[in-house]
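Structural overview
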Amino acid sequence: MTNHWMVLPIVWPMLVALCCLLPPFDALARYRRGLSLAGALGLVLISLVLWQQSADGQSQLYQLGNWPAPFGISLLLDKVSVLMLVLTAVLGLAALVYACAGEDEHGPFFHSLFHFQLMGINGAFLTADLFNLFVFFEVLLIASYSLLIHGGGKAKTKAAVHYVVLNLLGSALFLFALALIYGATGTLNMLDLAVRLHSLSSSQQLLMQASAALLLLVFGLKAAMMPLHFWLGSAYASASPAVAALFAVMTKVGIFSLLRVFLQVFAEADYIGSWALSLLWWAGLLTILLAAIGVVASEDFRKLVAYLVILSVGAMVAALSLATPQAVQAVLYYAIHSTLAAAALFLLADLIAEQRGKAGDRLVTGRRVAQPVLLGSCFVVLALSITGMPPFSGFIGKLMLLQSVGPGAQMLAFWPAILLSSFVVLLALSRSGVVLFWQVSGPNQGSRLVGKSRTVAVLMLSAASVLLSVMAGPLAAWCLQGATQFVELIRLFQGGLL
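The rules behind these values
Residues numbered from 1 in each chain as written. Predicted model: local features only at pLDDT ≥ 70, side-chain atom pairs only at ≥ 80, totals over all residues. Heavy atoms only, no water. Helix = DSSP H or I, 4+ residues; strand = E, 2+ residues; numbered from the N terminus. Rg over C-alpha atoms; globule rule 2.2 N^0.38 Å. Buried < 20%, exposed > 50% of the residue type's maximum accessible area, 1.4 Å probe, protein only. Contact = heavy atoms within 4.5 Å. Areas by Shrake-Rupley, 256 points an atom, 1.4 Å probe, with all protein chains shown as cover. 1 Å grid on protein atoms, 1.4 Å probe; cavity = no way out; pocket = protein on both sides within 12 Å on 5 of 7 lines; lining within 4 Å. Points joined across faces, edges and corners; volume = space filled by probe spheres on them. Nonpolar A, V, L, I, M, F, W, Y, C, P; charged D, E, K, R; others polar. Patch = residues over 30% accessible without salt bridge, like charges linked within 9 Å, V, L, I, M, F, W, Y side chains within 5 Å. Salt bridge = Lys/Arg side-chain N within 4 Å of Asp/Glu carboxyl O. Phe/Tyr/Trp six-rings, centres within 6.5 Å; stacked < 30°, edge-to-face > 60°. Lys NZ or Arg CZ within 6 Å of the ring centre and 35° of its normal. Axes fitted to C-alpha atoms, helices over the stretch in contact; angles between N-to-C directions. Parallel < 35°, antiparallel > 145°, perpendicular 65-115°, else oblique. Left-handed = near helix turned anticlockwise from the far one by under 90°. Core = buried A, V, L, I, M, F, W, Y, C linked by side-chain atoms within 4.5 Å. pLDDT = per-residue confidence, 0-100. Disulfide = S-S within 2.5 Å.

Next up on the list: the overall build of the protein. Within the protein, the secondary structure is distributed over 19 helices and 2 strands. At 22 Å, the protein has a C-alpha radius of gyration in line with the 23 Å of a compact globule built from 498 residues. Principal-axis analysis of the C-alpha atoms gives the protein an extent of 70 × 60 × 40 Å. Counting only residues that meet the buried cut, the protein has 59% of its 498 residues in that class. Nonlocal contacts in the protein, meaning residues at least 24 apart in sequence, comprise 78% of its contacts between residues at least 6 apart. By element, 70% of the accessible surface of the protein is carried by carbon and sulfur atoms, the whole surface being about 18800 Å².

This is the structure we're talking about:
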């Protein structure tokens with residue numbers, strides 16, 4: 001039975017989502033919340049079981065219906081995918097705890113949509129087939145469309161239109177890319193595709209180059225890589241707090257897809273890697289530059305956090321283009337840090353906005369917050385971490401990114417980009433802290449205190465920076481082992497061992 005645990009991160013949230021639509025959960029909010037929270041906690045436990053199964057370093061291939069690869073639907077569990085599963089489960093639980101304070105009742109079907117979103121994200125991390133990657137993209141996107149407009153409002157509707165149009169375009173390009181790949185190779189299984197890339201004719205190689213360019217656009221759009229980032233700022237800033245927190249892992253789906261496809265499937269195809277990795281390098285540096293400008297220019301705190309997400313994407317894209325185990329290790333560790341820190345900042349922004357009255361989260365003079373010690377302490381910890389100050393996880397993550405770049409022209413470009421952008425972020429967050437907590441127009445008047453559930457959610461994510469620092473050694477070792485598995489997976493499949 002332990003062999004079937006791999007499918008549970010997909011099946012479990014789907015079952016929870018369906019049960020939330022059935023009596024008595026569909027009519028009673030208390031029962032629905034209990035089921036949803038139990039489902040999220042169950043997903044954390046399932047992810048930890050899979051983490052334990054992956055501890056021996058052996059990759060596991062699961063064939064649904066016992067159809068052999070590459071003909072059947074394949075799921076692949078390795079150290080990288082299980083790391084992302086645990087991250088998603090923990091983030092989902094924290095976001096759901098926050099939402100159950102009342103946000104979930106602002107619109108119908110919140111809990112079902114939330115778990116369908118988790119299902120799509122987990123499926124994208126586990127699949128070993130490009131077509132099923134497209135399917136899971138659509139599952140998580142359809143759920144995210146509805147979650148984005150949860151609660152209604154003009155700003156949410158406008159942001160949702162941009163989000164839907166751009167992602168529908170990305171889905172169409174994804175299908176075109178899959179058609180070209182299947183026409184050239186006769187397979188969409190990732191491991192089988194990696195083997196067949198070496199025996200293609202010159203015309204088939206041209207088709208693969210065209211499909212790789214399309215996939216680069218699609219995954220760049222999902223990751224919000226410049227200049228394909230237009231949807232993220234307004235979408236994340238206008239979404240409900242818990243939804244925005246969950247969306248923090250959405251860009252990592254794009255990053256993971258780039259890692260899986262371009263650093264594993266296309267790893268030894270020189271006619272693709274020679275230009276694709278170079279393009280990713282320059283796109284990553286451009287993303288860092290423009291996102292830093294966006295951080296400084298933001299007029300409200302939520303928009304600032306959204307640009308921090310884009311900035312982290314730029315750093316990860318530039319690093320992964322180096323295609324070395326050390327670079328992938330740094331990307332994985334930094335992805336965990338940036339996801340949890342950004343999610344916590346989205347939740348914190350909502351609490352601050354609620355207690356500042358009409359000023360909300362806009363960076364203007366407003367009322368004093370009712371709980372300056374609690375909210376201010378969380379702000380300081382998260383600001384120092386995401387800026388990259390020791391001893392927090394942001395410092396360790398950025399140090400790993402810097403060390404992954406060897407001496408030469410790339411170091412001369414990457415180091416200044418990371419260090420200068422960190423300085424810009426420090427200035428922007430310092431200004432934000434002064435405005436939000438010190439530049440006040442008068443005492444707080446009747447703002448309610450933060451509820452226990454929302455306090456727990458914010459503290460859970462804020463404490464992650466400290467925990468990631470304490471566990472930096474074992475976690476970095478796990479990330480390095482996961483990075484070295486990429487080449488090993490292809491060798492095992494070629495030898496018929498997987």
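Moving on to the layout of surface pockets. Counted as a void, the largest pocket has a volume near 570 Å³. Along the wall of the largest pocket there are 19 residues; nearest its centre are Val 86, Val 90, Leu 467, Leu 468 and Leu 475. For the lining of the largest pocket, the secondary-structure elements that each account for two or more residues are helix 2 (29–53), helix 3 (79–99), helix 14 (325–355), helix 18 (452–470) and helix 19 (472–494). Its residues assigned to classes, the lining of the largest pocket comprises 19 nonpolar, no polar and no charged.

Moving on, we come to a nonpolar patch on the surface. On the surface, Leu 15, Leu 18, Leu 21, Leu 22 and Phe 109 cluster together to form a nonpolar patch covering roughly 460 Å² of accessible area. Mapping Phe 109 onto the fold places it in the loop between helix 3 and helix 4 (110–126). Take Phe 109: its relative accessible area is 55%, and that puts it in the exposed class.

As a further point, take the environment of Leu 83. Considering the arrangement of structural elements, one finds Leu 83 in helix 3. When sequence neighbours within four positions are dropped, the list of residues in contact with Leu 83 reads Trp 51, Leu 332, Ile 336, Leu 475, Trp 478 and Cys 479.

Right, let's get into empty space enclosed by the protein. Per the counting criterion, the structure on display carries 4 cavities of 30 Å³ or more. Looking at the largest cavity, its volume works out to about 140 Å³. Lining the largest cavity are 16 residues, with Leu 308, Leu 311, Ser 312, Tyr 334 and Lys 398 sitting closest to its centre. For the lining of the largest cavity, the elements supplying multiple residues, two or more each, are helix 13 (301–320), helix 14, helix 16 (393–403) and helix 17 (409–438).

In this structure the tally under the stated criterion is 8 salt bridges. Two residues, Arg 454 and Asp 350, come together in a salt bridge whose shortest N-O distance is 3.6 Å. Placement of Arg 454 in helix 18 and of Asp 350 in helix 14 is noted, with a sequence separation of 104 residues between them. With a relative accessible area of 15%, Asp 350 lands in the buried category. One network of salt bridges, in which partners are shared, links Arg 302, Asp 350, Glu 354, Asp 361 and Arg 454.

Once that is clear, we can look at the packing of aromatic side chains. In total, this model carries 16 aromatic pairs according to the counting rule given. Measuring from centroid to centroid gives 5.4 Å for Phe 262 and Phe 266, while their planes differ by 80°, and the two rings are edge-to-face. The burial state of Phe 262 is the same as that of Phe 266; both residues are buried. An aromatic cluster is built from Phe 131, Phe 134, Phe 137, Phe 174 and Phe 219, whose rings are joined through pairwise contacts. Here the guanidinium or amino end of Lys 79 rests over the ring plane of Trp 478, the centre of that ring lying 3.4 Å away.

Looking now at the packing of helix 4 against helix 5 (residues 130–148). Running from N to C, helix 4 and helix 5 cross one another at 155°; their axes reach a closest spacing of 8 Å. Relative to helix 5, the element helix 4 lies roughly antiparallel. Handedness of the helix 4/helix 5 crossing: left-handed. On helix 5, the residues that touch Phe 110, Leu 113, Phe 114, Phe 116, Gln 117, Met 119, Gly 120, Ile 121, Gly 123 and Ala 124 of helix 4 are Leu 133, Phe 136, Phe 137, Val 139, Leu 140, Ala 143, Ser 144, Ser 146 and Leu 147.

Take the nonpolar core next. Met 208, Phe 219, Tyr 236, Phe 262, Phe 266 and Phe 301 are the most contacted members of the largest nonpolar core, which has 177 residues in total. The element contributing the most residues to this core is helix 14, with 21 residues.

Turning our attention to the side chain of Ser 338. On the secondary structure map, Ser 338 appears in helix 14. The exposure class assigned to Ser 338 is buried, which follows from its relative accessible area of 5%. Those residues in contact with Ser 338 that sit more than four places away from it in its chain are Lys 252, Ser 312 and Met 316.

A few words on the confidence of the model for the protein. Chain-level pLDDT for the protein is 89 on average; 95% of the residues reach the 70-or-more range. Predicted confidence for residues 494–498 stays below pLDDT 50, and this span has 9 contacts to residues more than four positions away or in other chains.

The full count for this structure, using the stated rule, is 0 disulfides. Of all cysteine sulfurs, the one in Cys 19 lies closest to Cys 20, which takes part in no disulfide; the gap is 7.2 Å. Cysteine Cys 378 is unpaired, with the sulfur of Cys 100 as its nearest cysteine sulfur at 20 Å.

With that out of the way, let us pick up unusual backbone geometry. Here the bond from Met 226 into Pro 227 is cis, since omega is 0°, no more than 30 degrees from zero. On the secondary structure map, Pro 227 appears in the loop between helix 8 (202–223) and helix 9 (230–238). The omega torsion of the bond from Pro 390 to Pro 391 falls at 5°, within 30 degrees of zero and hence cis. Structurally, Pro 391 can be placed in the loop between helix 15 (372–387) and helix 16. For Ala 224, which is not glycine, the phi dihedral falls at a positive 65°. Following the sequence through the fold, Ala 224 ends up in the loop between helix 8 and helix 9. Given the relative accessible area of 0%, Ala 224 is considered buried. Non-glycine residue Ala 323 carries a positive phi angle of around 55°. Positionally, Ala 323 belongs in the loop between helix 13 and helix 14. Judged by relative accessible area, Ala 323 falls into the partly exposed class, the value being 40%.

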